[in-house]
Amino acid sequence: MRRIALVLLLTVTGCATANVERSTRNEVAVATEARDERVSWSSNIRIRPQQVFVPSRADGGDEFCSTSPTFFGESIRPSPMCFRDTDGRGRFNRAYMLREKRDGGGVAVSVPYTIQPFPCSSCVVSSADLTRISDPQILAEQSIAPPELRPYVQLALSNSPDTNAAIDRSQLPDKQAARSAVALAAREVRDRRAVAICSSQNPGGAVGALGLLGAIATIAGSASERSCMDDYIRTGAMPVPPAPLSTNAVN
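The shown structure was predicted, so the numbers you read here are calculated from the model rather than taken from an experiment.

Right, let's get into the nonpolar core. Val28, Phe118, Leu149, Tyr152, Val153 and Leu157 are the most contacted members of the largest nonpolar core, which totals 27 residues. For this core, the elements supplying multiple residues, two or more each, are β2 (27–31), β5 (52–58), α2 (136–141), α3 (150–157), α4 (163–169) and α5 (175–199). Considering each element in turn, this core owes the most residues, seven residues, to α5. Leaving out residues up to four positions away in the same chain, Leu149 has contacts with Pro119, Leu172, Ala178, Ala181 and Val182.

Our focus in this paragraph is the state of the cysteines. Counting across every chain of the model gives three disulfides. Residue Cys198 pairs covalently with Cys228 via a disulfide, S to S 2.0 Å. Note on the Cys198 and Cys228 pair: the S-S dihedral is about -70 degrees, so by sign convention the disulfide is left-handed. With Cys198 in helix α5 and Cys228 in helix α6 (residues 212–235), this residue pair connects regions lying 30 residues apart in the sequence. The buried category is assigned to Cys198, whose relative accessible area is 0%.

So, about the sheet that holds strand β3 (residues 35–40). Hydrogen bonds along the backbone pair up the strands of a sheet, which may run parallel or antiparallel. Taken together, three strands build an open sheet; the order of strands is β3-β4-β7 and the sheet is antiparallel. Edge positions in the sheet fall to β3 and β7 (71–73), since each has one partner strand and no second. Looking at each pair of strands side by side, their axes are set apart by 30 degrees on average, direction ignored. Sheet topology places β3 next to strand β4 (residues 43–47); five bridges connect them, and they run antiparallel. Directly across from Ser40, in β4, lies its bridge partner Ser43.

Here the focus is the pattern of salt bridges. Evaluation of the coordinates by the stated rule reveals 15 salt bridges. Between Asp36 and Arg226 there is a salt bridge; the shortest N-O distance is 2.8 Å. Taken together, the residues span a long stretch of sequence, with Asp36 in strand β3 and Arg226 in helix α6 at a distance of 190 residues.

Attention now goes to the packing of aromatic side chains. How two aromatic rings sit relative to each other is given by the distance of their centres and the angle of their planes. Under the counting rule described, the total for this entry stands at five aromatic pairs. Ring geometry for Phe53 and Phe83: centres 5.4 Å apart, planes at 75 degrees, overall edge-to-face. Here Phe83 lies in strand β8 (residues 81–84) and Phe53 lies in strand β5, a separation of 30 residues in the sequence. Residue Phe53 is classed as buried on the basis of its relative accessible area of 0%. An aromatic cluster is built from Phe53, Phe64, Phe83, Phe92 and Tyr113, whose rings are joined through pairwise contacts. Arg84 extends its terminal NZ or CZ atom over the ring of Tyr96, reaching a point 5.8 Å from the ring centre.

Along the chain, Arg48 turns up in the loop between β4 and β5. Once residues within four sequence positions are removed from consideration, Arg48 is found in contact with Ala31, Glu33, Ala34, Ser68, Pro69, Asp191, Val195, Met229 and Ile233.

Averaged over every residue, the pLDDT of the chain is 83; the share at 70 or more is 80%. Here residues 205–221 is modelled with pLDDT under 50, and outside its nearest four sequence neighbours on either side it reaches 16 contacts, counting other chains as well.

About the thresholds
Residues numbered from 1 in each chain as written. Predicted model: local features only at pLDDT ≥ 70, side-chain atom pairs only at ≥ 80, totals over all residues. Heavy atoms only, no water. Core = buried A, V, L, I, M, F, W, Y, C linked by side-chain atoms within 4.5 Å. Buried < 20%, exposed > 50% of the residue type's maximum accessible area, 1.4 Å probe, protein only. Helix = DSSP H or I, 4+ residues; strand = E, 2+ residues; numbered from the N terminus. Contact = heavy atoms within 4.5 Å. Disulfide = S-S within 2.5 Å. Pairing = 2+ DSSP bridges. Axes fitted to C-alpha atoms, helices over the stretch in contact; angles between N-to-C directions. Salt bridge = Lys/Arg side-chain N within 4 Å of Asp/Glu carboxyl O. Phe/Tyr/Trp six-rings, centres within 6.5 Å; stacked < 30°, edge-to-face > 60°. Lys NZ or Arg CZ within 6 Å of the ring centre and 35° of its normal. pLDDT = per-residue confidence, 0-100.

Structure below.
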């Protein structure tokens, strides 16, 4: 509990933060199984099966970072994290908040993964809120895919049976690599949207100051968020976005 509080404090205040750089590695990490690891009585690190992690560097070391939240707690908003395999055994064994110092920081985890080629030297994860975005073209534009692959990511997000045929008809130099990259990019942005929808059900710590009612809302929101993600992982069906706030015009 104290460890997590310290990590969050460092993240919020910017004290003793890591020196984060963009990686030029053309590969991503993919979790090979779901993991749910408790960090404190109210906080978990949750990894989805086949979750995609993009390469990064921090404090001079290589790592892979989640593109959507993996740290979930009842009193804070969900947050992405970065992961390292310090033993080189095909399992992430340390997890860090994005700006946390790597030397002596982090928490222990055990997340099996594989490395897959991906044109990620220019990977930039969009900060756009995908909660209410369902248009495949817009989602493809928000994906980690390079521009030349986004039309095919759009087809994949549309569940088009013509996706692979369209790649085969293209002028792309390596059709098999393109098919793999398109599938990864489509899954990543789809997962990112699902997490955004589910996380929108959790008000986080903002309502904690409201006393008992705020605490109840936070706990209920956290439970709803977890149930939402469990359903998505089990069925693969995109969660239903929250209804937009109604605006009643006064005539």
